[in-house]
Amino acid sequence: DTGVSQDPRHKITKRGQNVTFRCDPISEHNRLYWYRQTLGQGPEFLTYFQNEAQLEKSRLLSDRFSAERPKGSFSTLEIQRTEQGDSAMYLCAGRGGSETQYFGPGTRLLVL
Amino acid sequence: AQKVTQAQTEISVVEKEDVTLDCVYETRDTTYYLFWYKQPPSGELVFLIRRNSFDEQNEISGRYSWNFQKSTSSFNFTITASQVVDSAVYFCALGSSYKLIFGSGTRLLVRP
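Residues numbered from 1 in each chain as written. Chains lettered and ligands numbered in written order. Predicted model: local features only at pLDDT ≥ 70, side-chain atom pairs only at ≥ 80, totals over all residues. Heavy atoms only, no water.

(A) Spotlight on the pairing of strand β9 (residues 88-95) of chain A. All names here are of chain A. Where burial is concerned, most of β9 is hidden: eight out of the eight residues are buried. Alternating residues of β9 divide into Ala-88, Tyr-90, Cys-92 and Gly-94 and Met-89, Leu-91, Ala-93 and Arg-95, and every residue in both groups is buried. Sheet topology note: the β9/strand β11 (residues 107-111) ladder contains three bridges and is antiparallel. Within β11, the residue paired with Tyr-90 across the bridge is Thr-107. Here β9 runs beside strand β10 (residues 102-103); their pairing, made up of two bridges, is antiparallel. Opposite Gly-94, over in β10, you have Tyr-102 as the bridge partner. Linking two consecutive strands that pair antiparallel, namely β9 and β10, is a turn of six residues. (Buried < 20%, exposed > 50% of the residue type's maximum accessible area, 1.4 Å probe, protein only. Helix = DSSP H or I, 4+ residues; strand = E, 2+ residues; numbered from the N terminus. Pairing = 2+ DSSP bridges.)

Pasting the structure below:
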């Protein structure tokens, strides 16, 4: 158990709807990452927080995506006006003092 | 450019066979980290090992062993006496600065 939890574990939505995912790392994880994984591929980096500051964003993160980590603890990832191409597994990872990222169980999104 | 290549898409072995998963990486950084993660059908990425670029010592952990060779930019993973529970997708990843760059994964099927 990595101590990183994600909610919900599964989400089915209709195209055009907004969705929000939550990630709760352990308190020692001052760094938090979001990745997206499509079928048959490895995870791809989306964005990175150190405490509450969002330090890096991938070009994969279009204007419809926004992420926050308001108090440096939990984080949310929101997708507005979902498209079928957004269907994927969204993974959150936490990292403390070492270089290792510990992943949560992921949120599987299906956009109909 | 930074890149991780896992040329083996899928491997099938019979229980108790040894199996090696290949990983080749590209980076211009002098300091970097290499990782292996396991992704069982449940979807959660499980951390297996981390090596830094200055440490080329091979490592053994139970039935698992890793061979890091900077000269060939490879970080291969061997499972000795494979078991059915080893069936999963295995990802090699390159860590540099803030993010992980994953290969496309190798699906390992261990048949009884």
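The structure having been displayed, the exposition proceeds.
(B) Representation of the packing of aromatic side chains within the structure. If you walk through the whole model with that rule in mind, you get 24 aromatic pairs over all chains. Ring geometry for Phe-21 of chain A and Tyr-90 of chain A: centres 5.4 Å apart, planes at 40 degrees, overall tilted. Here Tyr-90 of chain A lies in strand β9 and Phe-21 of chain A lies in strand β3 (residues 19-24), a separation of 69 residues in the sequence. Among the residues examined, Tyr-90 of chain A registers a relative accessible area of 0% and is labelled buried. An aromatic cluster of three or more residues is present, and its members are Tyr-33, Tyr-35, Phe-45, Tyr-48, Tyr-102 and Phe-103 of chain A together with Phe-35, Tyr-37, Phe-47, Phe-91, Tyr-98 and Phe-102 of chain B. Between Arg-22 of chain A and the ring centre of Phe-74 of chain A, over which it is positioned, the NZ or CZ distance is 3.9 Å. (Phe/Tyr/Trp six-rings, centres within 6.5 Å; stacked < 30°, edge-to-face > 60°. Lys NZ or Arg CZ within 6 Å of the ring centre and 35° of its normal.)

Purely spatial values, then, with no claim about function.
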